[in-house]
Amino acid sequence: MCGRYTTNNNPSLLRFVIGSSLALAVALPLPAAAQMEGVLEEIVVTAQKREEALQDVPISVATTSGEKLNAMFSGSEDVLALSGRVPGLYAESSNGRSAPRFYLRGLGNIDFDLAASQPVSYVMDEVVMENVILKSFPLFDVQNIEVIRGPQGTLFGRNTTAGIIKVNTRRPSDETSGYVKGSWAENNTMNVEGAAGGSLSDTLNARVSALYRSRDNWITNAQTGSESLGEYEEAAVRAQFDWTPSDAFSALLSLQTRSLEGTSSIFRANIFSPGSADLNQNYVRDTVWYDGGDNNPQAYDSFGATLNLTWDFDDVSINSITSLQDADGSSRGDIDGGVVNIGSFPTPPPGITSADVDVFGIPSRTWPGPIFTPSVTQDGADTDQFTQEFRIASDNDGRFNWQVGAFYFSSDLVVTTESFASFGFVDVQDTKIQQENKTWAVFGQGSYDVTDRLTLTGGVRYTDDEKDFRVLQFGQLWLDLDIPTFIAAPINVSDGQSSWEVSANFALTDDSSLYARVANGFRAQTIQGRDVAFLETPSVAKPETIDSFEAGYKADLADNRMRVNIGVFAYEVDDMQLSIIGGASNTNQVVNAAKGEAVGFELDAQFLATDNLLISGGFAFNDTEINDPNLFTAPCGSGLCTVLDPVNPNNAAQVSVDGNPFPRAPETTYNLEIRYGAPIGKNSEIYFLTDWVWYGDINMPLYEAVEFKTKDQFEGGLRIGYRNNDSGWEVAAFGRNITDEDNVLGFIDFSNNTGFVNEPSVWGIEANYEFGD
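Every chain begins its residue count from 1, and numbering advances along the sequence as written. Local features are withheld for residues below a pLDDT of 70 in this predicted model, meaning they are given only at 70 or higher, and side-chain atom pairs are given and counted only at 80 or more; totals for whole chains, interfaces and linings count all residues. The basis for every side-chain value is the complete set of non-hydrogen atoms in the structure, without hydrogens or water.

A. Spatial organisation of the overall build of the chain. Secondary structure follows DSSP: runs of H or I at least 4 residues long count as helices, runs of E at least 2 residues long count as strands, and numbering of each begins at the N terminus. Helix and strand content of the chain: four helices and 46 strands. The globule rule is 2.2 Å times the number of residues to the power 0.38, and the radius of gyration it is compared with is taken over C-alpha atoms. Taken over C-alpha atoms, the radius of gyration comes to 26 Å for the chain, in line with the 28 Å a tight globule of 773 residues would show. Along the three orthogonal principal directions, the C-alpha set of the chain runs to about 75 × 60 × 50 Å. Throughout this description, buried means an accessible area under 20% of the type-specific maximum (1.4 Å probe, protein chains only), exposed means over 50%, and partly exposed covers the range between. Among the 773 residues that make up the chain, the fraction classed as buried is 60%. When contacts within the chain are restricted to residue pairs at least 6 apart in sequence, long-range pairs at least 24 apart make up 69% of them. Note on areas: Shrake-Rupley, 1.4 Å probe, and residue coverage restricted to the protein chains presented here. In the form shown here, the chain has an accessible surface area of approximately 28,700 Å², with 56% of it arising from carbon and sulfur atoms. Should any heavy atoms of two residues lie within 4.5 Å, those residues are counted as being in contact.

Rendered as structure tokens:
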């Protein structure tokens, strides 16, 4: 959408599209299937660190894989494309194609800083990716993705209070197999990826995968007249070697690397008018007005190496996973999102609002709209982490199965902040802080089949976590000042916590079961030191702990043509860690709320309506609430927002957040996928696939304001293709965000009503060739 105005997102349009798609699918002729084979395939997950059928696991788990996963990323999307495609999962970022922020069951962290911790853990090939930069490694040649809801502290450790996103890539096998895929779409968007693997000898298998993505600039900086924003170029490679010299031992070595260059997030000044959350005339999808930020560049490189060793004995297996991950890079941005003419009053662009305001006490003219504090910043991270896990597990068909293990984690992170470009300083000394984190843990879990239908599971984990914080150097502006010792002083915090779980799974029939689970977990203490760049004191939050209860029903129905998984949950977080971002104080601080509470439910369903028509979908509801009558924050600094919270009786500049929903927690999410395949000849088909996601109410900050709420946002995708299963060829036309929705993903409130939005509509074509297997 390139016009200046945008209509409100209309949920009735989504319902019309979904209804029309369903009607079309049902009305199409229903020839005999060549592909679906009449039943839903069994889904195998590793949510409990062993392979189990999804329907037998007493945890709320959802998966995505195969064609559905390929459709999500067909427009060269990054990991944020997972948002909403699993009920209860939400994702966003203000750092471009790096540093994603995930939310599960309403629980997440809105902190944009590169040192931020998150309650949703991201695990790739059995290795936790702790830092937010590591979480952004591109997804390609993936076997499946498991979204494990609820606290998972027993087997996966701290910082899993909300759950886990678990990525399992395709592993080497002795069968020669692979694929080559290429696509082209609007804005010269290209995606090329491929993989090849097989046997190199009787004992060694290998698989090499590669990815290349790029897009041209498509956003014009009207201030300079150049089309200079929106591009990216990303390349990644993964090589895996699986050595199996005997039936009792295997060694899997995985090496992966990534390089990213492009545009970071696009911030747009004053796209919300006071009193309204709708996008106004200052918003133009393909145009911005920047006087700084150097076109918001971003560049990151990463490398990872993992060695997974397994010894198999008669009744026991031993597993060792050793991993080293490293990443570094930076992002720069025009944070105020507009133009600040200090001391001058030029004519604004046609159709764009301007304002005459005081900037640093100097009368000035700004646009779009009023900008009280010009801001250009750059943040960079250099992080490395080392992890080691040992695990011993039973390997038999007895009634009792168990596993015990030990875990060690060590990380070193240096964050560099350049915060003085706004004040005319260029190429000056930046602020650097360092955080080191060391963790060790021991854990155990056991499951006992009380009867043929009833299985009880219990587990416990003890974790010791220690963090060190120090200032390596202060920025240019502070060098001649007498810096208070309490700002420069190093910080050390440590704590030991136990996590546990108890669950029961009861098989009602061979195809249905009930489960219940009570679990406790914790998110380790957090140090937030970004405010040191502005000569403010670092903040520290003590650990948060969660007590969670969930129960559910899982069933394969209608002769395995329908799968329904339903879960209900309630949890309470003590000493809940929350981030105070921006506002009138323009801070980045982590605090503890007394409590956070939530109740809700999730529904995952698949229905093979005919041998050619597959309908999948889900629904999630989250009712979240912050409970702390003594927690206050300073709302927007511009005075341009309409605050809905009561004022602190002891400080008129603050408002209470007691009773507010968790920030960025969608109250409801819906997702729907419809696939229809029309066989042609013996082993070919033409297929139609559409997927949709819809979000209910989202309150973006800690406080509540009319301008910073979203409601009824949705996106849809479409794919129509031809596949020949004999030759391995497939060609398809696709579209992402096919109704060209302008969905608000975030805001910046310390200077004006700045916002940032989703990716535009993109249409393209794709060709894919698969061989082997």
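Alright, that's what it looks like, and here's the rest.
B. Region of interest: the packing of aromatic side chains. Each Phe, Tyr or Trp ring, with Trp reduced to its six-membered ring, pairs with another whose centre is within 6.5 Å; inter-plane angles below 30 degrees give stacked pairs, above 60 give edge-to-face pairs, and intermediate values give tilted ones. Overall, the coordinates contain 19 aromatic pairs when judged by the stated rule. Both rings, one in Phe 569 and one in Tyr 571, keep their centres 6.1 Å apart while their planes meet at 15°; by these two values the pair is stacked. Exposure class is identical for Phe 569 and Tyr 571. Each is buried. Centroid distance Tyr 670 to Trp 694: 4.8 Å. Interplanar angle 55°. Geometry classified as tilted. In this pair, Tyr 670 is assigned in strand 38 (residues 668-680) and Trp 694 in strand 39 (residues 684-695), connecting sequence segments 24 residues apart. An aromatic cluster is present here, built from Phe 601, Phe 619, Phe 621, Tyr 670 and Trp 694 joined pairwise through their rings. Taking NZ or CZ as reference, Lys 554 lies 5.3 Å from the ring centre of Tyr 515, over its face. A ring is scored as having a charge over it whenever the NZ atom of a lysine or the CZ atom of an arginine sits within 6 Å of its centre and within 35 degrees of its normal.

C. Structural view of the side chain of Asn 612. Examined against the element boundaries, Asn 612 turns out to sit in the loop between strand 33 (587-608) and strand 34 (613-627). With a relative accessible area of 4%, Asn 612 lands in the buried category. Whenever two N or O atoms come within 3.5 Å, that pair is a polar contact, provided that in protein one can donate a hydrogen and the other can accept it, and provided that, for residues adjacent in sequence, both atoms are side-chain atoms. Here Gly 677 takes part through its backbone oxygen, which lies 2.9 Å from a polar atom of the side chain of Asn 612.

D. Structural context of the state of the cysteines. Note on terminology: disulfide denotes any pair of cysteine sulfur atoms within 2.5 Å. Scanning all chains against the criterion turns up one disulfide. Two residues, Cys 636 and Cys 641, share a disulfide whose sulfurs are 1.9 Å apart. Looking down the S-S bond of the Cys 636 and Cys 641 bridge, the torsion is -90°, so its handedness is left-handed. For the pair Cys 636 and Cys 641, one class covers both residues: buried.

E. Looking closely at the confidence of the model for the chain. On average, residues of the chain carry a pLDDT of 92, and 93% of them reach 70 or more. How sure the predictor is of each residue is captured by pLDDT, a score from 0 to 100. When the criterion is pLDDT under 50, residues 1-36 qualifies, and its contacts beyond four places in sequence or with other chains add up to 73 contacts.

F. Molecular detail of the nonpolar core. Leu 82, Tyr 122, Leu 139, Tyr 703 and Phe 708 are the most contacted members of the largest nonpolar core, which has 99 residues in total. Residue contacts for Tyr 122: discarding those within four places in its chain leaves Val 79, Phe 102, Val 127, Val 128, Met 129, Lys 135, Phe 137, Leu 139, Ile 165 and Val 167. The definition of a nonpolar core used throughout is a set of buried Ala, Val, Leu, Ile, Met, Phe, Trp, Tyr and Cys residues joined through side-chain atoms within 4.5 Å.

G. Spatial organisation of the sheet that holds strand 36 (residues 647-648). Read across the open sheet, the three strands follow the order 35-37-36; overall the sheet is antiparallel. The open sheet has two edge strands, strand 35 (632-633) and strand 36, and neither has a second partner. Strands are labelled as partners when DSSP assigns at least two bridges between them. Pairing between strand 36 and strand 37 (residues 651-656): two bridges, direction antiparallel. The residue bridging Val 647 from the neighbouring strand is Val 655, located in strand 37.

H. Quick look at unusual backbone geometry. Omega for the bond connecting Trp 367 with Pro 368 falls within 30 degrees of zero, at -10°, which places this linkage in the cis form. Backbone geometry at Asn 270 places phi at a positive 50°, although glycine is not the residue there. Along the chain, Asn 270 turns up in the loop between strand 16 (249-263) and strand 17 (287-288).

I. Just the environment of Ser 226, in detail. Positionally, Ser 226 belongs in strand 14 (residues 226-229). Relative accessible area serves as the criterion here: at 30%, Ser 226 is assigned to the partly exposed category. With sequence-adjacent residues up to four places away left out, Ser 226 is seen in contact with Ile 219, Thr 220 and Asn 221.

J. Representation of the environment of Gly 153. In this fold, Gly 153 is placed in helix 3 (residues 153-156). The sequence separation of Gly 153 and Thr 463 amounts to 310 residues, and the corresponding C-alpha distance is 9.4 Å. With sequence-adjacent residues up to four places away left out, Gly 153 is seen in contact with Thr 160, Arg 461 and Ser 499.

K. Examining the sheet that holds strand 3 (residues 61-65) more closely. Strand order in the open sheet formed by five strands is 3-8-9-6-7, with mixed pairing between adjacent strands. Two strands bound the open sheet, and with one partner strand each, they are strand 3 and strand 7 (127-128).

L. Seen up close, the pairing of strand 22 (residues 362-367). In this sheet, strand 22 lies alongside strand 20 (residues 339-342) in antiparallel orientation, the contact comprising four bridges. In the strand pairing of strand 22, Val 339 is matched with Trp 367. Sheet analysis places strand 21 (residues 355-359) next to strand 22, joined by five bridges and oriented antiparallel. Each residue of the ladder has a partner; that of Asp 358, found in strand 22, is Pro 363. Connecting strand 21 to the next strand, strand 22, in antiparallel fashion are two residues, including Phe 360 with a positive phi near 55°.

M. Up close: the pattern of salt bridges. Criterion for a salt bridge: a side-chain nitrogen of Lys or Arg within 4 Å of a carboxyl oxygen of Asp or Glu. This model, assessed by the stated rule, comprises 44 salt bridges. Between Asp 604 and Arg 149 there is a salt bridge; the shortest N-O distance is 3.2 Å. One end of the pair, Asp 604, is in strand 33; the other, Arg 149, is in strand 8 (residues 142-149), with 455 residues separating them in the sequence. Assessed through its relative accessible area of 15%, Asp 604 is described here as buried. Counted as one network, the salt bridges with shared partners bring together Glu 67, Arg 675, Glu 685, Arg 719, Arg 723, Glu 730 and Glu 766.

N. Looking closely at the pairing of strand 18 (residues 297-312). One ladder, built from 15 bridges, connects strand 16 with strand 18; its direction is antiparallel. Note on strand 18: the bridge partner recorded for Ser 254 is Thr 306. Between the antiparallel neighbours strand 18 and strand 19 (residues 316-334) lie three residues.

O. View of a nonpolar patch on the surface. A cluster of nonpolar side chains, namely Leu 324, Phe 386, Tyr 408, Trp 440, Val 442 and Tyr 462, defines an oily patch on the protein surface of about 530 Å² accessible area. Topologically, Phe 386 is positioned in strand 23 (residues 376-394). Classification of Phe 386 as partly exposed rests on a relative accessible area of 33%. Like-charged residues within 9 Å of one another, or nonpolar side chains (Val, Leu, Ile, Met, Phe, Trp, Tyr) within 5 Å, are grouped into patches, provided each residue has over 30% relative accessible area and no salt bridge.

P. Structural view of the side chain of Ser 121. Locating Ser 121 in the fold gives a position in strand 6 (residues 120-124). Residue classification places Ser 121 among the buried residues on the basis of a relative accessible area of 5%. Here Ser 121 is in contact with Val 128, Asn 159, Thr 160, Gly 163, Ile 164 and Ile 165, once residues within four sequence places are set aside.

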